[in-house]
Amino acid sequence: MPEGHTLHRLARLHQRRFAGAPVAVSSPQGKFAGAAVDGNVLRRTSAWGKHLFHHYDRGGIVHVHLGLYGVFTEWERCVAEPLPEPTGQVRMRMVGADYGTDLRGPTVCEVIDESRVADVLARLGPDPLRRDADPSWAWARIAKSRRPIGALLMDQTVIAGVGNVYRSELLFRHRLDPYRAGQRISEAEFVAAWADLVALMKVGLRRGKIVVVHPEHDHGLPSYAPGRPRTYVYRRAGDPCRVCGTTIRTAVLDGRNVFWCPSCQT
């Protein structure tokens, strides 16, 4: 599932590609009411956690949650040539003056109004990539919870935008056992982890990749997948820890695999 920095990158990209002009919006798949905003001017785009919003001039707002399988594919438009035929199950197609993009496989793609946007945001915790993020909201939830910190970090009502990679890697970088209860996390530990999370997600936003390994540890066994930066623990179960050599472990926590070093994280 894409993590929060991906949605912010998409918001910035769509702002550059389509904002300030009319956009042709359609649903080749027939499962999205694109006619409600078709031909309207895209005023701005925004993201909060894993949610993307396109705000149009006549009040309609397209709300997208990519879920596990959602993806936008972009293509450059040539006015002298016909538009490319949609391939696969295209939920939404956006066409501007110079670019087009097709959305496939999202969990949510709908036209809503401002009141429903407010309803979506009311269910979300602070987003580390937003300037208006208030970490005290997340800390208040964590400090009184008996749930494991590894579960709390993935709870979008606590912190919006954290996925499985950031969860596992942030806990390793701060030597926190994923099963330690939230109420056993000190405020100093939370403050340090939040600041680090903001910095890491800004790197992800800028580079389009999750970069978490310090230069002094960025060697040895390759990444878990081609083209991906190295990780400390994510998808490295059975491999030696890059810091201490202990075998990395994995287990299912709240329905997703969490990865950790039993020696470094206590």
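Residues numbered from 1 in each chain as written. Predicted model: local features only at pLDDT ≥ 70, side-chain atom pairs only at ≥ 80, totals over all residues. Heavy atoms only, no water.

Draft legend 1. View of the overall build of the protein. For the protein, the count of helices and strands is 6 helices and 10 strands. The C-alpha radius of gyration computed for the protein amounts to 20 Å, which stays within 12% of the reference 18 Å derived for 266 residues, consistent with globular compactness. Across its three principal directions, the C-alpha atoms of the protein cover 60 × 40 × 30 Å. Taken across its 266 residues, the protein has 49% of its residues classed as buried. Relative to all contacts within the protein whose residues are 6 or more apart in sequence, the contacts with residues 24 or more apart total 58%. When the accessible surface of the protein is summed, it comes to about 12,800 Å², and 51% of that surface belongs to carbon and sulfur atoms. Averaged over its 37 positive side-chain charges, the protein has a centre that lies 4 Å from the centre of its 26 negative ones. (Helix = DSSP H or I, 4+ residues; strand = E, 2+ residues; numbered from the N terminus. Rg over C-alpha atoms; globule rule 2.2 N^0.38 Å. Buried < 20%, exposed > 50% of the residue type's maximum accessible area, 1.4 Å probe, protein only. Contact = heavy atoms within 4.5 Å. Areas by Shrake-Rupley, 256 points an atom, 1.4 Å probe, with all protein chains shown as cover. Lys, Arg positive; Asp, Glu negative; His and termini not counted. Charge placed at Lys NZ, Arg CZ, Asp CG, Glu CD.)

Draft legend 2. Geometry of the UniProt feature "domain: FPG-type" (unreviewed entry) in the protein. UniProt annotation of "domain: FPG-type" (unreviewed entry) refers to residues 232-266 when read in the numbering used here. Between the end C-alpha atoms of residues 232-266 there is a gap of 16 Å, over a span that is 0% helix and 29% strand. (UniProt positions renumbered as here; feature names shortened; annotations may be inferred.)

Draft legend 3. Structural view of the sheet that holds strand β5 (residues 71-76). Taken in spatial order, the 4 strands line up as β1-β6-β7-β5 in an open sheet, and their pairing is antiparallel. The open sheet has two edge strands with one neighbour each: β1 (24-26) and β5. On average, adjacent strands in this sheet sit at an angle of 15° to one another, irrespective of strand direction. Sheet analysis places β1 next to strand β6 (residues 90-95), joined by 3 bridges and oriented antiparallel. Each bridged residue has a counterpart across the sheet, and for Ser26 the counterpart in β6 is Arg93. (Pairing = 2+ DSSP bridges. Axes fitted to C-alpha atoms, helices over the stretch in contact; angles between N-to-C directions.)

Draft legend 4. Region of the structure containing the packing of aromatic side chains. What the rule picks out here adds up to 6 aromatic pairs. With 6.3 Å between their ring centres and 35° between their planes, Phe190 and Trp194 make a pair best called tilted. Here Phe190 and its partner Trp194 are both found in helix α6 (residues 187-207), 4 residues apart, which amounts to about one turn of the helix. For the residue pair Phe190 and Trp194, the accessibility class agrees, reading buried in each case. Each ring, one from Tyr224 and one from Tyr234, has its centre 5.2 Å from the other, and the planes form 85°; the classification is edge-to-face. Taken together, the positions of Tyr224 in the loop between α6 and β9 (249-253) and Tyr234 in the loop between α6 and β9 put the pair 10 residues apart, joining distant regions of the chain. (Phe/Tyr/Trp six-rings, centres within 6.5 Å; stacked < 30°, edge-to-face > 60°.)

Draft legend 5. Summary view of the pattern of salt bridges. For the coordinates displayed, the defined rule picks out 10 salt bridges. Residues Arg17 and Glu74 are paired through a salt bridge, measuring 3.0 Å at the closest nitrogen-oxygen approach. On the criterion of sequence distance, the pair formed by Arg17 in helix α1 (residues 4-18) and Glu74 in strand β5 is long-range, its members being 57 residues apart. Between Asp102 and Arg104 there is a salt bridge, with its nearest N and O atoms 3.9 Å apart. We classify Arg104 as buried; its relative accessible area is 18%. (Salt bridge = Lys/Arg side-chain N within 4 Å of Asp/Glu carboxyl O.)

Draft legend 6. Representation of the environment of Ser223 within the structure. Its location among the elements puts Ser223 in the loop between α6 and β9. Here Ser223 falls in the buried class, since its relative accessible area comes to 19%. Taking the C-alpha atoms as reference points, Ser223 and Arg130, 93 residues apart in sequence, are found 29 Å from one another. Each residue touching Ser223, except ones within four places of it in the same chain, is listed here: Arg228, Pro229 and Arg230. Within the structure, Ser223 has its side chain in polar contact with the backbone oxygen of Pro229 (distance 3.0 Å). (Polar contact = N/O pair within 3.5 Å; in protein donor to acceptor, adjacent residues only side chain to side chain.)

Draft legend 7. Examining helix α5 (residues 164-173) more closely. Counting buried residues along α5, 10 of its 10 residues qualify, which places the element largely inside the surrounding structure. Listed as buried for α5 are Asn164, Val165, Tyr166, Arg167, Ser168, Glu169, Leu170, Leu171, Phe172 and Arg173. In the core, the buried residues of α5 are packed alongside α1, α4 (149-152), α6, β9 and β10 (256-260). Downstream of α5 by a residue or two, Arg175 has a phi angle that is positive, lying close to 55°.

Draft legend 8. Here's a closer look at the side chain of Asn164. Mapped onto the elements, Asn164 comes out in helix α5. A relative accessible area of 6% places Asn164 in the buried class. Engagement of the side chain of Asn164 in a polar contact is seen with the side chain of Arg167, the distance being 2.7 Å. Those residues in contact with Asn164, other than ones at most four positions away along the chain, are Glu3, Met154, Tyr234, Arg256 and Asn257.

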